[in-house]
Amino acid sequence: MKKVLISAIAAAAAFTVGANVANAQDVMKTYKDRTVTILVGYGAGGTYGQTSLLIARHFGNYIPGKPSVIVQHMPGAGGLKASNYAGNVMPTNGKNVFMPPEMTVVSQLLRPKKIKFDARKFTWLGRIFGANQVMAIRRDSGITTIEGLQKKSLVVGSTGTGSPTFLVPAMMNGILKTKFRIVTGYKGSANTSLAVEQGETFGMSNSWVSWTKNRPQWFNKPKDNFLVSLVQVGYEKEPDLPNLPLLTELAKSPDDKAAAAMLSTASVIGRGLVFPPGVSAGLVKPMQDAFMKMATSATFKKDAEGRGLPVTPMTGPAVQKIVNDSLGMSQSAVKKARVHIFGKKK
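Chains are numbered independently. Their residues run from 1 in the order of the written sequence. For a predicted model such as this one, the threshold for reporting local features is a pLDDT of at least 70, and the threshold for listing and counting side-chain atom pairs is 80 or more; totals across whole chains, interfaces and linings nevertheless cover every residue. Just so you know, side-chain values use all the structure's heavy atoms and leave hydrogens and water out.

Draft legend 1. Inspection of the overall build of the chain at higher detail. For helices the rule is a DSSP run of H or I covering at least 4 residues; for strands it is a run of E covering at least 2, with both sets numbered from the N terminus onward. A tally of helices and strands in the chain yields 15 helices and eleven strands. Computed over C-alpha atoms, the radius of gyration of the chain comes to 22 Å, within 12% of the 20 Å expected from 2.2 N^0.38 for 346 residues, which places it in the range of a compact globule. Structurally, the chain occupies a C-alpha span of about 85 × 45 × 35 Å along its principal axes. Buried residues are those whose accessible area, probed at 1.4 Å on protein chains only, stays under 20% of the maximum for their type, while exposed residues exceed 50% and partly exposed ones sit between those limits. Classification of the 346 residues of the chain by burial places 53% in the buried group. When contacts within the chain are restricted to residue pairs at least 6 apart in sequence, those whose partners lie at least 24 apart make up 78%. Total accessible area on the chain is roughly 15500 Å²; 56% of this is exposed by carbon and sulfur atoms. The charge count includes Lys and Arg as positive and Asp and Glu as negative, but it does not include His or the ends of the chains. Charged groups are reduced to one reference atom each: NZ for lysine, CZ for arginine, CG for aspartic acid, CD for glutamic acid. Distance between charge centres in the chain, computed from 44 positive and 19 negative side chains, equals 6 Å. Each radius of gyration reported is based on C-alpha atoms, and the globular scaling rule is 2.2 Å times the count of residues to the power 0.38. For this analysis, residues touch if any pair of their heavy atoms sits within 4.5 Å. All accessibility values rest on the Shrake-Rupley procedure with a 1.4 Å probe; residue burial counts only the protein chains present in the view.

Shown next as structure tokens:
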């Protein structure tokens, strides 16, 4: 009996090793001499484009088979055009990945009838960094406080209704009774910030990483900055902004605080990659491992630092759990957030 048991254990171990070897060979065959495409729902000028190019430079070195990696842009509707494509049309052969918008969870909760994807069905490979949103307006607009914005309207720019450039000022209008007039349709954060610079608009919401990387001169004179920061959106304050209030701190009612916290999921999602629904399970773990090996490597970190991009990696499963948990928030809070942003008719 003992010999039979030992033989059975040995056979099981041999089967497991054989299966692992076969899987490793299958993964190698999938990617060897192939090209992996990263789809980005924004233009090339902002931190989505910059981060995707950074990943493209390194990711292939850590994927079995060492494939080439390229970036494809599909801007539109604040990233929702690409999100809907990734959720329904993107090839599921494992050679196509997507950098989801940081407001993916928010969009799904607020506009379920217009969203054609389910973020829970994306398979998260990992995240490079997360960052708070910071709503900022031109100092020469004559308004430098939230109280001032409660009395006078101000035009701000946005890439689309699925973008934080729309969602943050719209939520502020609902929770704080500010009077932002939001103009949508700008192609990417670079063009949106250019409109601010040229005086076409007077402010926008942007990630703090993007602000400090692409427009540091707008914030380097504390008492005379070109832009005045009003509020930040995230779970915790940015280390650089200890005195700038979180939107959750300014919200009064429990539902308003929950609605503000919903926007904070963007700081967790940040800039990362997902597989579309339907990719073979056998490719998931190898690609998650490859992503984290890349993100934690000294070479990658040095390149990111040289490009002014932070590296605060999070594993795919960790991001996946936060996304799934956030999509289960109370319907009363979701309803309140929807009214704040889109009005009672939407």
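That shown, we press on.
Draft legend 2. Structural view of empty space enclosed by the protein. Definitions used for this entry: grid spacing 1 Å over protein atoms alone; cavity, a set of points where a 1.4 Å probe fits but cannot get out; pocket, an open set with protein on both sides within 12 Å along at least 5 of 7 lines; lining residue, one with an atom within 4 Å of a point. Grid points are joined across faces, edges and corners, and a volume is the space filled by probe spheres set on the points. Inspection of every chain in the model, using the stated rule, returns one cavity of 30 Å³ or more. Tyr42, Tyr48, Ser189, Asn206 and Arg271 are the residues nearest the centre of the largest cavity, which is lined by 19 residues in total. Going through the elements one at a time, helix H2 (47-58), helix H6 (164-176), helix H7 (188-197) and strand S8 (203-207) are the ones with two or more residues in the lining of the largest cavity. Considering each element in turn, the lining of the largest cavity owes the most residues, four residues, to S8. Following the grouping adopted for this structure description, the nonpolar residues are Ala, Val, Leu, Ile, Met, Phe, Trp, Tyr, Cys and Pro, the charged ones are Asp, Glu, Lys and Arg, and the polar ones are all others, Gly among them. Residues of the lining of the largest cavity, tallied by class, amount to four nonpolar, 13 polar and two charged.

Draft legend 3. Quick look at the nonpolar core. Among the nonpolar cores identified, the biggest contains 55 residues, and Leu167, Leu247 and Leu263 are the most heavily contacted of them. Top element by residues in this core is H6. It accounts for eight residues. Those residues in contact with Leu167 that lie beyond four places of it in its chain are Met103, Val106, Leu110, Thr161, Gly162, Leu263, Ile341 and Phe342. Only buried residues count toward a nonpolar core. Its members are Ala, Val, Leu, Ile, Met, Phe, Trp, Tyr and Cys residues joined through side-chain atoms within 4.5 Å.

Draft legend 4. Representation of the packing of H2 against helix H13 (residues 298-306) within the structure. Across the interface, H2 lies against H13 with an axial gap of 11 Å and an inter-helix angle of 150°. Between H2 and H13, the interaxial angle falls into the category roughly antiparallel. Every pair of crossing elements has a handedness; the one defined by H2 and H13 is right-handed. Seen from H2, the contacting residues are Leu54, Ile55, Arg57 and His58; seen from H13, they are Thr299, Phe300, Asp303 and Ala304. Across the contact of H2 with H13, the residue classes break down as four nonpolar, two polar and two charged. With axes taken as lines fitted to C-alpha atoms, and helix axes fitted only over the stretch in contact, angles between N-to-C directions fall between 0 and 180 degrees. When an angle is under 35 degrees it counts as roughly parallel; over 145 it counts as roughly antiparallel; between 65 and 115 it counts as roughly perpendicular; any other value is oblique. The hand of a helix crossing depends on one turn: near helix anticlockwise from the far one by less than a right angle means left-handed, and clockwise means right-handed.

Draft legend 5. Geometry of the packing of aromatic side chains. Two rings from Phe, Tyr or Trp (for Trp, the six-membered ring) form a pair when their centres are within 6.5 Å of each other. A pair whose planes differ by under 30 degrees is stacked, one over 60 is edge-to-face, and the rest are tilted. Under the definition given, this model contains nine aromatic pairs. A centroid spacing of 6.1 Å and a plane angle of 85° characterise the contact between Phe59 and Phe291, whose relative ring orientation is edge-to-face. Remark: Phe291 occurs in helix H12 (residues 281-295) and Phe59 occurs in the loop between H2 and strand S2 (68-73); sequence separation between them is 232 residues. The residues Phe59 and Phe291 share a single accessibility class, namely buried.

Draft legend 6. How the structure looks around the side chain of Gln288. As for its placement among the helices and strands, Gln288 is situated in helix H12. Overall, Gln288 belongs to the buried group, its relative accessible area being 13%. The residues touching Gln288, leaving out its near neighbours within four places in the chain, are Thr123, Trp124, Leu125, Gly316 and Pro317.

Draft legend 7. Structural detail: helix H3 (residues 80-88). Those residues of H3 that fall on the buried side of the exposure criterion are Leu80, Ala82, Ser83, Asn84 and Ala86. Where H3 is buried, its residues meet strand S1 (35-40), strand S3 (96-99) and helix H4 (104-110).

Draft legend 8. Local environment of the sheet that holds S8. The strand order S8-S5-S9 describes an open sheet built from three strands, whose pairing is antiparallel. Every other strand in the sheet has two partners, leaving S8 and strand S9 (227-233) as the edge strands with one partner each. Strand-to-strand twist of the sheet, defined as the mean angle between neighbouring strand axes without regard to direction, takes the value 25°. Whether two strands pair comes down to DSSP finding at least two bridges between them. As judged from the six bridges shared by strand S5 (residues 133-138) and S9, these two strands associate in the antiparallel manner. Directly across from Ile137, in S9, lies its bridge partner Val228. Here H7 sits on the sheet and contacts S5, S8 and S9; the angle it forms with S8, its principal contact strand, is near 145°.

Draft legend 9. Fine view of the layout of surface pockets. Reported here for the largest pocket is a volume of approximately 220 Å³. Around the largest pocket, the lining residues are Arg127, Gly130, Ala131, Asn132, Tyr235, Glu236, Lys237, Glu238, Pro239, Ser267, Val268 and Thr312. Broken down by class, the residue content of the lining of the largest pocket amounts to four nonpolar, four polar and four charged.

Draft legend 10. The pattern of salt bridges, seen in detail. Any Lys or Arg side-chain nitrogen found within 4 Å of a carboxyl oxygen on Asp or Glu counts as a salt bridge. Applying the stated criterion to the full structure yields ten salt bridges. Across the salt bridge formed by Arg271 and Glu102, the nearest N and O atoms sit 3.1 Å from each other. Placement of the pair is Arg271 in strand S10 (residues 271-275) and Glu102 in the loop between S3 and H4, with a sequence separation of 169 residues. You'll find Arg271 and Glu102 in the same group, each marked buried. In this structure, a network of salt bridges that share partners links the residues Arg57, Asp303 and Arg307.

None of the figures reported here should be taken as evidence of function without further support.
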